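If you want the building blocks of each chain, they are given just below.
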Amino acid sequence: MAVQDSLDSTGTAIVGSTVKSFHFFQDMRYWNFQLEDGSEVQTCPSALGYSFAAGTTDGPGLFDFTQGDSGEPSASPVWEVVKALLREPSAQQKACQQPKPVLLDVGELSTPYAWSPNIVDIQMFRVGQFVIIVSPSEATTMAGRRWRAAVATAAEDVTEAAPKVVIGGPANTYSHYVTTQEEYAIQRYEGASTLFGQHELAAYINLTVSNIQYLAPDATSSPPPGPSPPDNRDNSLSFITGVVQDNAPLGKKFGSVLTQPSSTYARGAVVSAVFQGANPRNNLRQEETFAAIERLGANGGTWARVRDDTDWSLVYSWKRTNELLGYSEVTIDWETGLDAEPGTYRIKYYGDSKALFTGAITAFAGTSNSFTVT
């Protein structure tokens with residue numbers, strides 16, 4: 001939709017049928033490359049400057065940080081101690097990040113895992129002459145203009161018509177900001193949040209423009225994948241307590257319908273049912289569903305599923321009603337919409353309960369009374 005809106009806003013039609021893309025990873029720690037004038041520069045391990053802590057004009061930070069300080073900051077002694085306890089940036093890092101004074105050397109902090117990414121995604125898509133830069137950083141207005149202009153010039157050799165270039169981001173990972181070198185020198189919030197040093201924008205331009213050939217109509221290969229970013233799925237910290245137990249009140253069982261839907265609804269109405277539930281974190285039901293709407297076949301045939309968790313019109317809500325005893329309720333709402341077919345329906349709820357002493361997880365299901373949509 002965003003692609004179509006962008007084209008519609010200028011009355012531009014897609015020219016050609018080529019669909020191409022490329023994706024690889026780049027380690028930005030002390031990566032050396034050449035600028036257009038031939039000079040050698042490098043990016044840096046990620047770091048945040050003092051003005052990052054100052055926030056923005058419309059969202060200022062706390063304490064005694066101020067924006068626009070690219071000299072030796074005069075922060076309070078408390079923050080200097082905090083900085084030193086975390087990590088004092090090396091002389092190489094300080095020199096690389098100039099004129100940014102480093103407050104948090106996040107790219108060289110790795111306990112319990114990396115505090116900020118150093119390995120980032122470089123990705124582009126092309127549909128006809130429409131080119132999408134997928135950026136891991138938020139681009140300022142002028143940084144975006146320069147990046148788009150450089151890609152548009154390079155893409156003239158691979159597109160069927162004059163390229164139309166847009167930037168989408170941040171995506172894939174979050175690498176704070178990318179600014180122009182001039183904005184970086186001022187060291188306001190965005191410049192202090194440009195992680196990889198004053199040449200970050202030039203690096204992004206280099207990495208995208210130098211791989212533009214992979215978007216050519218006859219391209220059959222991809223750039224080398226680059227170094228894999230760290231996978232923290234097995235060692236991520238969680239401060240959410242685990243599920244202790246689930247129970248149902250006397251006379252009830254999991255999946256019991258506490259509030260039945262009405263017998264008849266007009267199309268466009270919201271159908272609701274409340275079930276005796278259990279904590280959904282017992283089973284996230286990936287590739288399955290917590291809720292479903294089933295429709296009765298013609299002439300009293302079989303029930304067939306017509307809505308599930310993939311449908312925006314189906315809303316699942318869970319709440320604990322008694323923390324001590326582990327009671328909970330699940331409400332399932334179906335926003336029928338005007339496109340719902342007339343017929344007989346019912347609501348299904350799928351859950352999993354956890355026993356207190358054994359920790360066993362047991363699946364269950366609940367089914368509402370049938371109702372008609374007219």
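In the block above lies the structure referred to throughout.
About the cut-offs
Residues numbered from 1 in each chain as written. Predicted model: local features only at pLDDT ≥ 70, side-chain atom pairs only at ≥ 80, totals over all residues. Heavy atoms only, no water. Pairing = 2+ DSSP bridges. Helix = DSSP H or I, 4+ residues; strand = E, 2+ residues; numbered from the N terminus. Axes fitted to C-alpha atoms, helices over the stretch in contact; angles between N-to-C directions. Contact = heavy atoms within 4.5 Å. Buried < 20%, exposed > 50% of the residue type's maximum accessible area, 1.4 Å probe, protein only. Patch = residues over 30% accessible without salt bridge, like charges linked within 9 Å, V, L, I, M, F, W, Y side chains within 5 Å. Areas by Shrake-Rupley, 256 points an atom, 1.4 Å probe, with all protein chains shown as cover. Salt bridge = Lys/Arg side-chain N within 4 Å of Asp/Glu carboxyl O.

Peer 1: Would you mind showing me how to read the sheet that holds strand 9 (residues 164–168) here?
Peer 2: Picture the strands of a sheet paired through backbone hydrogen bonds; they go either parallel or antiparallel. Read across the sheet, 4 strands follow the order 1-6-7-9 without closing on themselves; strand pairing throughout is mixed. Here the strands that pair on one side only, and so sit at the sheet edges, are strand 1 (19–27) and strand 9. Geometrically, the sheet is characterised by an average inter-axis angle of 15° between neighbouring strands, direction not taken into account. In this structure, strand 1 lies alongside strand 6 (residues 119–127), joined through 9 bridges in antiparallel fashion. Each residue of the ladder has a partner; that of Asp 27, found in strand 6, is Ile 119. Contacting strand 6, strand 7 (130–134) and strand 9, helix 5 (residues 141–155) crosses the sheet at an angle of about 135° to strand 9.

Peer 1: Would you mind going over helix 8 (residues 200–209) with me for this structure?
Peer 2: Spacing of three or four residues puts side chains on the same side of an α-helix, whose turn is 3.6 residues. Burial analysis of helix 8 places 7 of its 10 residues in the buried class, the great majority of the element. Inspection of helix 8 places Glu 200, Leu 201, Ala 203, Tyr 204, Ile 205, Leu 207 and Thr 208 among the buried residues, and these make up the whole buried set. Packing partners of the buried residues in helix 8 comprise strand 1, strand 2 (32–34), strand 6, helix 5 and strand 10 (177–178).

Peer 1: Mind showing me how you'd approach the sheet that holds strand 13 (residues 270–276) here?
Peer 2: The strand order across the open sheet built from 4 strands is 11-13-17-16, with neighbouring strands paired in antiparallel fashion. Edge positions in the sheet fall to strand 11 (257–259) and strand 16 (314–322), since each has one partner strand and no second. On average, adjacent strands in this sheet sit at an angle of 30° to one another, irrespective of strand direction.

Peer 1: When you look at a nonpolar patch on the surface in this model, what are you seeing that I'm missing?
Peer 2: Together, Ile 14, Val 19 and Val 127 make up an exposed nonpolar region whose accessible area comes to about 240 Å². By the secondary structure assignment, Ile 14 is in the loop between helix 1 (2–10) and strand 1. For Ile 14, a relative accessible area of 36% corresponds to the partly exposed category.

Just geometry here; none of it tells us what the structure is for.
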